[in-house]
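Residue strings, one per chain:
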Amino acid sequence: IVMVFYGRNGKSNPVSMENEVEHQTKNQITYDIHLPSDLGMLYKVRLGLQSLENNISQLSLRHFKIQNTSTLDTFSLTINKTLPLSPNGDRWVEFPIQWPLKEALSVVTYHLTVFSRNILNESNLVHMTACIYGTHGDTGDRSLLQSLQNVQQREKNESFIVIMDAVDLGELEKIVLLISSKTDCKLDIKKFHVQEAAKEHPIYVFEVNEEFSVNANKPKIKREIPGSFVIRGEKQKNDTHNNLNKEGSQVKNLTEYTIKVYTGDKRGAGTDANVHIILFGDEDKSEVFQLSQSLEHQNPFERGKVDTFKIKTKKLGSLRSIEIGHDGKGFASGWFLEKVEITDAARNSVHCFKCNRSVDQSIITPYMLFSF
């Protein structure tokens, strides 16, 4: 059993309950958990089965109670659900936490529709998860191929619906996709649609349009897919017609960038920390991208190595500068960055951002700015 706690200032790492048991009776287990103080007031909990094996036993959840041992504020909820939620279904359940005098969010059923060409033919060998991010948090990694609904196939095209229950995510922002396989294969994904099951609109559209080459001997493929546009209802269209046209045009304005990161060839140059980047153009700036899935190496940012990453983001114009840095985590977090080369596919141009210095979390802010 694993739990993830969400506070107003962030979320905890997954907490395994295996070593946290304080007291156990026949039908009740009490855990003693120490959470980071900077999480802020808790507003939701995700609880689930971390194992992805099909032969795991079921977990029947009846009641949940949590108490802040400092303030003695207590929240309790009757759940009455069994995980997985169906024979091959979701292994996670989320619920909001309501504290005294604080309004809680509601639980929403989301329909995520996957439009693709050949995923269903490989579904028994492929493992694919999606994490949906919104202004109120995220869903965590949820399987896309364990419980398929409304499967449709027309010639080479196909679509299917994945049902997710999650605490209200607010306005949806991006999807992080993880793909791995037991065999070498190619998966052609066109787009995702996400909407609340109880509502026809809005429909959040995430354009992918990519064929993924999955290698059984390589780590998971990770893609961060920003929202492309939103399909509103008729009433919303009348109020936001001009904005909708602008949002719809964003699909055409998505630009792919190839990012090459050069780590210096000197002692202690590599890093195990989590590296991130923001691109600045003369028209706009990108969102924050985590550089975690190198096209060349399983462990990126090693001494003397070059790591390549591909991202897609909105139209930025001509690149002017970047912000790049790391979170300082890991045993060897110090990093000597030689340079970053970024290829703009739309403009067929290459921009070189030279650094030639140490990016050390202990003496700098999480980001460093290098002008072009």
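Definitions and cut-offs
Residues numbered from 1 in each chain as written. Predicted model: local features only at pLDDT ≥ 70, side-chain atom pairs only at ≥ 80, totals over all residues. Heavy atoms only, no water. Helix = DSSP H or I, 4+ residues; strand = E, 2+ residues; numbered from the N terminus. Buried < 20%, exposed > 50% of the residue type's maximum accessible area, 1.4 Å probe, protein only. Contact = heavy atoms within 4.5 Å. Areas by Shrake-Rupley, 256 points an atom, 1.4 Å probe, with all protein chains shown as cover. Polar contact = N/O pair within 3.5 Å; in protein donor to acceptor, adjacent residues only side chain to side chain. Pairing = 2+ DSSP bridges. Axes fitted to C-alpha atoms, helices over the stretch in contact; angles between N-to-C directions.

Another aspect to go through is the overall build of the chain. Scanning the chain from terminus to terminus reveals three helices and 28 strands. Burial analysis of the chain (372 residues in total) assigns 44% to the buried set. Restricting to contacts in the chain with at least 6 residues of sequence separation, those with at least 24 account for 66%. Carbon and sulfur atoms provide 44% of the accessible area of the chain, an area that totals close to 20,400 Å².

Take the side chain of Arg46 next. Position of Arg46 among the secondary structure elements: in strand β6 (residues 42–48). For Arg46, a relative accessible area of 4% corresponds to the buried category. Polar side-chain contacts of Arg46 include one of 2.6 Å to the side chain of Tyr6. Only 3.0 Å separates the side chain of Arg46 from the backbone oxygen of Thr139, close enough to count as a polar contact. When sequence neighbours within four positions are dropped, the list of residues in contact with Arg46 reads Val2, Met3, Val4, Tyr6, Trp92, Val93, Glu94, Asp138, Thr139, Gly140 and Arg142.

Next up on the list: the environment of Val275. Tracing the backbone through its elements, the reader meets Val275 in strand β22 (residues 275–281). For the pair Val275 and Gly325, spaced 50 residues apart in sequence, the C-alpha separation works out to 5.7 Å. Setting aside anything within four residues of it in sequence, one finds Val275 in contact with Phe289, Gln290, Leu291, Phe301, Ile324, Gly325, His326 and Trp335.

Here we take up the sheet that holds strand β24 (residues 306–313). The strands that make up a sheet are held in pairs by hydrogen bonds between backbone atoms, and each pair lies either parallel or antiparallel. Strand order in this open sheet of four strands is β24-β21-β26-β27, and the pairing throughout is antiparallel. At either margin of the open sheet sits one strand with a lone partner, and together these are β24 and β27 (349–359). Direction aside, neighbouring strands of the sheet carry axes that sit 20 degrees apart on average. Note that strand β21 (residues 255–263) and β24 share eight bridges and pair antiparallel. Paired with Thr255 across the bridge in β24 is Thr313.

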